Amino acid sequence: MNCPFCRHEDSRVIDSRPTDEGTSIRRRRECTQCGSRFSTAETAVLSIIKRSGATEPFSREKVINGVRKACQNRPVDDDDLALLAQRVEEALRATGQAEIEAQEVGMAILSPLRELDEVAYLRYASVYRNFSSLEDFEGEIALLRALPFEKDVEEASQVASPQLK
(Lines give C-alpha, C1' and ligand atoms only; values in the text may rest on other atoms or scores of the structure.)
Protein backbone atom coordinates (compact mmCIF):
# COMPACT_ATOMS: atom_id res chain seq x y z
CA MET A 1 0.00 0.00 0.00
CA ASN A 2 1.46 3.38 -0.99
CA CYS A 3 1.77 5.98 1.77
CA PRO A 4 -0.62 8.88 1.03
CA PHE A 5 1.91 11.33 2.52
CA CYS A 6 5.30 10.44 0.99
CA ARG A 7 4.20 7.93 -1.69
CA HIS A 8 6.59 5.28 -0.39
CA GLU A 9 5.49 1.82 -1.56
CA ASP A 10 5.85 0.01 1.74
CA SER A 11 3.78 0.21 4.92
CA ARG A 12 3.14 -2.15 7.77
CA VAL A 13 -0.19 -3.07 9.33
CA ILE A 14 -0.50 -1.99 12.97
CA ASP A 15 -4.11 -3.02 13.61
CA SER A 16 -6.93 -4.80 11.73
CA ARG A 17 -10.59 -4.78 12.69
CA PRO A 18 -13.70 -6.12 10.98
CA THR A 19 -16.34 -3.50 10.16
CA ASP A 20 -19.78 -3.38 8.53
CA GLU A 21 -20.87 -6.62 10.18
CA GLY A 22 -17.77 -8.44 9.00
CA THR A 23 -18.07 -7.54 5.31
CA SER A 24 -14.99 -5.32 5.34
CA ILE A 25 -11.77 -4.81 7.27
CA ARG A 26 -10.34 -1.55 8.54
CA ARG A 27 -6.55 -1.57 8.73
CA ARG A 28 -4.39 0.96 10.56
CA ARG A 29 -1.04 1.27 8.76
CA GLU A 30 2.30 2.97 9.32
CA CYS A 31 4.67 4.05 6.55
CA THR A 32 8.11 2.45 6.94
CA GLN A 33 9.81 5.52 5.49
CA CYS A 34 8.14 8.64 6.97
CA GLY A 35 6.40 7.02 9.96
CA SER A 36 3.00 8.57 9.16
CA ARG A 37 -0.08 6.55 10.05
CA PHE A 38 -3.17 6.11 7.90
CA SER A 39 -6.23 3.86 7.63
CA THR A 40 -7.39 1.69 4.78
CA ALA A 41 -10.58 -0.25 4.22
CA GLU A 42 -10.80 -3.54 2.37
CA THR A 43 -13.95 -5.16 1.07
CA ALA A 44 -14.54 -8.19 -1.09
CA VAL A 45 -15.97 -6.94 -4.36
CA LEU A 46 -19.23 -8.51 -5.51
CA SER A 47 -19.75 -7.78 -9.21
CA ILE A 48 -23.05 -7.97 -11.03
CA ILE A 49 -23.06 -9.02 -14.69
CA LYS A 50 -25.83 -7.16 -16.46
CA ARG A 51 -27.73 -8.49 -19.47
CA SER A 52 -25.62 -6.30 -21.75
CA GLY A 53 -22.49 -8.05 -20.46
CA ALA A 54 -21.27 -5.01 -18.55
CA THR A 55 -20.28 -5.48 -14.92
CA GLU A 56 -20.86 -3.18 -11.99
CA PRO A 57 -20.40 -3.49 -8.23
CA PHE A 58 -23.34 -4.79 -6.19
CA SER A 59 -25.38 -1.96 -4.70
CA ARG A 60 -27.80 -2.38 -1.82
CA GLU A 61 -29.23 1.00 -2.82
CA LYS A 62 -30.23 -0.37 -6.25
CA VAL A 63 -31.97 -3.30 -4.58
CA ILE A 64 -33.83 -0.94 -2.24
CA ASN A 65 -34.88 1.39 -5.08
CA GLY A 66 -36.16 -1.51 -7.17
CA VAL A 67 -38.14 -3.04 -4.34
CA ARG A 68 -39.43 0.33 -3.09
CA LYS A 69 -41.59 0.65 -6.22
CA ALA A 70 -43.23 -2.69 -5.47
CA CYS A 71 -43.79 -1.63 -1.84
CA GLN A 72 -45.50 1.65 -2.71
CA ASN A 73 -48.56 2.23 -0.49
CA ARG A 74 -47.74 -0.89 1.55
CA PRO A 75 -46.89 -1.02 5.28
CA VAL A 76 -43.14 -1.35 4.61
CA ASP A 77 -40.66 1.16 6.00
CA ASP A 78 -37.08 2.05 5.07
CA ASP A 79 -35.64 -0.16 7.82
CA ASP A 80 -37.48 -3.16 6.36
CA LEU A 81 -36.07 -2.39 2.92
CA ALA A 82 -32.52 -1.97 4.29
CA LEU A 83 -32.79 -5.34 6.04
CA LEU A 84 -34.10 -6.95 2.85
CA ALA A 85 -31.16 -5.55 0.85
CA GLN A 86 -28.75 -6.84 3.50
CA ARG A 87 -30.32 -10.31 3.34
CA VAL A 88 -30.07 -10.30 -0.45
CA GLU A 89 -26.39 -9.33 -0.33
CA GLU A 90 -25.66 -12.00 2.29
CA ALA A 91 -27.40 -14.65 0.17
CA LEU A 92 -25.41 -13.63 -2.91
CA ARG A 93 -22.10 -13.57 -1.02
CA ALA A 94 -22.91 -17.00 0.45
CA THR A 95 -22.73 -18.47 -3.06
CA GLY A 96 -18.98 -17.86 -2.96
CA GLN A 97 -18.97 -16.32 -6.43
CA ALA A 98 -17.29 -12.98 -7.12
CA GLU A 99 -19.45 -12.32 -10.19
CA ILE A 100 -23.19 -12.88 -10.24
CA GLU A 101 -25.72 -12.55 -13.06
CA ALA A 102 -28.31 -9.80 -12.65
CA GLN A 103 -31.01 -12.47 -13.04
CA GLU A 104 -29.74 -14.17 -9.86
CA VAL A 105 -30.01 -10.90 -7.94
CA GLY A 106 -33.67 -10.68 -8.88
CA MET A 107 -34.25 -14.27 -7.81
CA ALA A 108 -32.50 -13.58 -4.48
CA ILE A 109 -34.90 -10.68 -3.85
CA LEU A 110 -38.07 -12.74 -4.26
CA SER A 111 -37.93 -14.89 -1.12
CA PRO A 112 -37.20 -12.14 1.46
CA LEU A 113 -39.71 -9.86 -0.27
CA ARG A 114 -42.39 -12.53 0.00
CA GLU A 115 -41.71 -12.78 3.74
CA LEU A 116 -41.89 -9.01 4.06
CA ASP A 117 -45.10 -8.38 2.11
CA GLU A 118 -46.92 -10.75 -0.24
CA VAL A 119 -48.61 -7.97 -2.22
CA ALA A 120 -45.25 -6.29 -2.84
CA TYR A 121 -43.85 -9.71 -3.76
CA LEU A 122 -46.63 -10.22 -6.32
CA ARG A 123 -46.01 -6.76 -7.80
CA TYR A 124 -42.27 -7.33 -8.05
CA ALA A 125 -42.65 -10.86 -9.43
CA SER A 126 -45.13 -9.66 -12.06
CA VAL A 127 -42.56 -7.25 -13.50
CA TYR A 128 -39.50 -9.41 -12.88
CA ARG A 129 -41.03 -12.58 -14.35
CA ASN A 130 -42.78 -10.58 -17.08
CA PHE A 131 -46.38 -11.61 -16.35
CA SER A 132 -48.42 -11.11 -19.50
CA SER A 133 -51.87 -12.39 -18.57
CA LEU A 134 -54.33 -12.76 -15.75
CA GLU A 135 -53.49 -16.47 -15.66
CA ASP A 136 -49.89 -15.62 -14.71
CA PHE A 137 -51.17 -13.69 -11.69
CA GLU A 138 -53.66 -16.40 -10.78
CA GLY A 139 -50.96 -19.06 -10.94
CA GLU A 140 -48.65 -17.07 -8.67
CA ILE A 141 -51.47 -16.37 -6.20
CA ALA A 142 -52.31 -20.08 -6.16
CA LEU A 143 -48.65 -20.81 -5.31
CA LEU A 144 -48.73 -18.23 -2.51
CA ARG A 145 -51.79 -19.91 -1.04
CA ALA A 146 -50.48 -23.45 -1.50
CA LEU A 147 -47.02 -22.77 -0.07
CA PRO A 148 -47.37 -20.46 2.93
CA PHE A 149 -44.22 -19.33 4.71
CA GLU A 150 -43.31 -20.93 8.04
CA LYS A 151 -44.25 -17.84 10.06
CA ASP A 152 -47.71 -17.84 8.41
CA VAL A 153 -48.18 -21.50 9.42
CA GLU A 154 -47.03 -20.76 12.99
CA GLU A 155 -49.37 -17.75 13.33
CA ALA A 156 -52.31 -19.81 12.03
CA SER A 157 -51.62 -22.63 14.48
CA GLN A 158 -51.34 -20.18 17.40
CA VAL A 159 -54.69 -18.64 16.52
CA ALA A 160 -56.30 -22.08 16.15
CA SER A 161 -54.92 -23.38 19.46
CA PRO A 162 -53.89 -20.56 21.79
CA GLN A 163 -51.55 -21.65 24.56
CA LEU A 164 -52.69 -21.19 28.12
CA LYS A 165 -50.31 -19.61 30.57
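Scroll up a little and you will see the structure.
Residues numbered from 1 in each chain as written. Predicted model: local features only at pLDDT ≥ 70, side-chain atom pairs only at ≥ 80, totals over all residues. Heavy atoms only, no water.

1. Quick notes on unusual backbone geometry
Operational definition: The helix and strand labels rest on DSSP assignments: H or I over at least four residues marks a helix, E over at least two residues marks a strand, and numbering proceeds from the N terminus.
Positioned with a positive phi, Arg 7 is a non-glycine residue whose angle comes to about 70°. Along the polypeptide, Arg 7 turns up in the segment before strand E1 (11-19). For Asn 130, which is not glycine, the phi torsion reads 60° and is therefore positive. Checked against the element boundaries, Asn 130 lands in the loop between helix H4 (118-128) and helix H5 (134-146).

2. Quick notes on the packing of aromatic side chains
Test applied: Classification of ring pairs rests on two measures: the distance between centres of Phe, Tyr or Trp rings, Trp counted by its six-membered ring, which must be within 6.5 Å, and the angle between planes, read as stacked under 30 degrees, edge-to-face over 60 and tilted in between. When accessible area is computed with a 1.4 Å probe and restricted to protein chains, residues below 20% of their type maximum are described as buried, those above 50% as exposed, and intermediate ones as partly exposed.
Tallied over the full model, the rule gives two aromatic pairs. Relative to Tyr 128, the ring of Tyr 124 has its centre 5.8 Å away and its plane inclined at 10°; by these criteria the two rings are stacked. With a gap of four residues between them, Tyr 124 and Tyr 128 both fall in helix H4, about one helical turn apart. Across the pair, exposure class does not vary: Tyr 124 and Tyr 128 are buried alike. Between Phe 131 and Phe 137 the ring centres are 5.0 Å apart and the planes differ by 90°, which places this aromatic pair in the edge-to-face class. Using a relative accessible area of 16% as the deciding quantity, one classes Phe 131 as buried.

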